[in-house]
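# An overview of the molecular structure
For reference, the chains in residue letters:
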Amino acid sequence: QVQLVESGGGLVQPGASLRLSCAASGRTFSSSAMGWFRQAPGKEREFVVSINWSGANTLYSESVKGRFTISRDNAKNTVYLQMNSLKPEDTAVYYCAASDRNSFVSRYPSRYDYWGQGTQVTVSS
């Protein structure tokens, strides 16, 4: 079956960096859009960033633009999220998502068909 497994989360101080990984198995997503979403306690899941099938196009939320960078390695069926200059408001569970039908970037959760279990990112001094 299809699985998305996130890793790389943790507890860091404000201003620090983390790199999240999302490894897919069960099928190849080299033709699929992939994305990262996050959910903070008591809040709804929100869009963070999306990348198209080739990696040539990306879409970032305003809250992370300039600090986060998404990339993908289709040979490894893996997508990455480099997070720099982390802020306490970045604290959330981060989820990886992959589309079964869509090759282009999207901020809408409904465009994604597979989701990982999430990895916790906590930014605190």
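That block above? That's the structure.
Our subject in this report is the structure included herewith. Worth saying up front: this structure is predicted, and the values here are computed from it rather than measured.

### A look at the state of the cysteines
Tallied over the entire structure, the rule returns 1 disulfide. Between the sulfur atoms of Cys 22 and its disulfide mate Cys 96 the distance is 2.0 Å. As the torsion about the S-S bond is roughly -75°, the Cys 22-Cys 96 disulfide counts as left-handed. Taken together, the residues Cys 22 in strand S3 (residues 18–25) and Cys 96 in strand S9 (residues 92–98) connect sequence positions 74 residues apart. The same class applies to Cys 22 as to Cys 96, namely buried.

### Let's talk about the pattern of salt bridges
With the rule as written, the count across this model stands at 6 salt bridges. In this structure, Asp 100 and Arg 27 form a salt bridge, with 2.1 Å as the shortest nitrogen-oxygen distance. Of this pair, Asp 100 sits in the loop between S9 and strand S10 (114–115) while Arg 27 sits in the loop between S3 and strand S4 (34–39), and the two are 73 residues apart along the sequence. Judged by relative accessible area, which is 37%, Asp 100 ranks as partly exposed. The class of Arg 27 is partly exposed, set by a relative accessible area of 26%. Here Asp 90 makes a salt bridge to Arg 67, at a shortest N to O gap of 2.7 Å.

### Examining unusual backbone geometry
A positive phi angle is found at Asn 77, which is not glycine, with a value near 55°. For Asn 77, the location among the structural elements is in the loop between strand S7 (68–73) and strand S8 (78–83).

Rules behind the numbers
- Residues numbered from 1 in each chain as written.
- Predicted model: local features only at pLDDT ≥ 70, side-chain atom pairs only at ≥ 80, totals over all residues.
- Heavy atoms only, no water.
- Disulfide = S-S within 2.5 Å.
- Helix = DSSP H or I, 4+ residues; strand = E, 2+ residues; numbered from the N terminus.
- Buried < 20%, exposed > 50% of the residue type's maximum accessible area, 1.4 Å probe, protein only.
- Salt bridge = Lys/Arg side-chain N within 4 Å of Asp/Glu carboxyl O.

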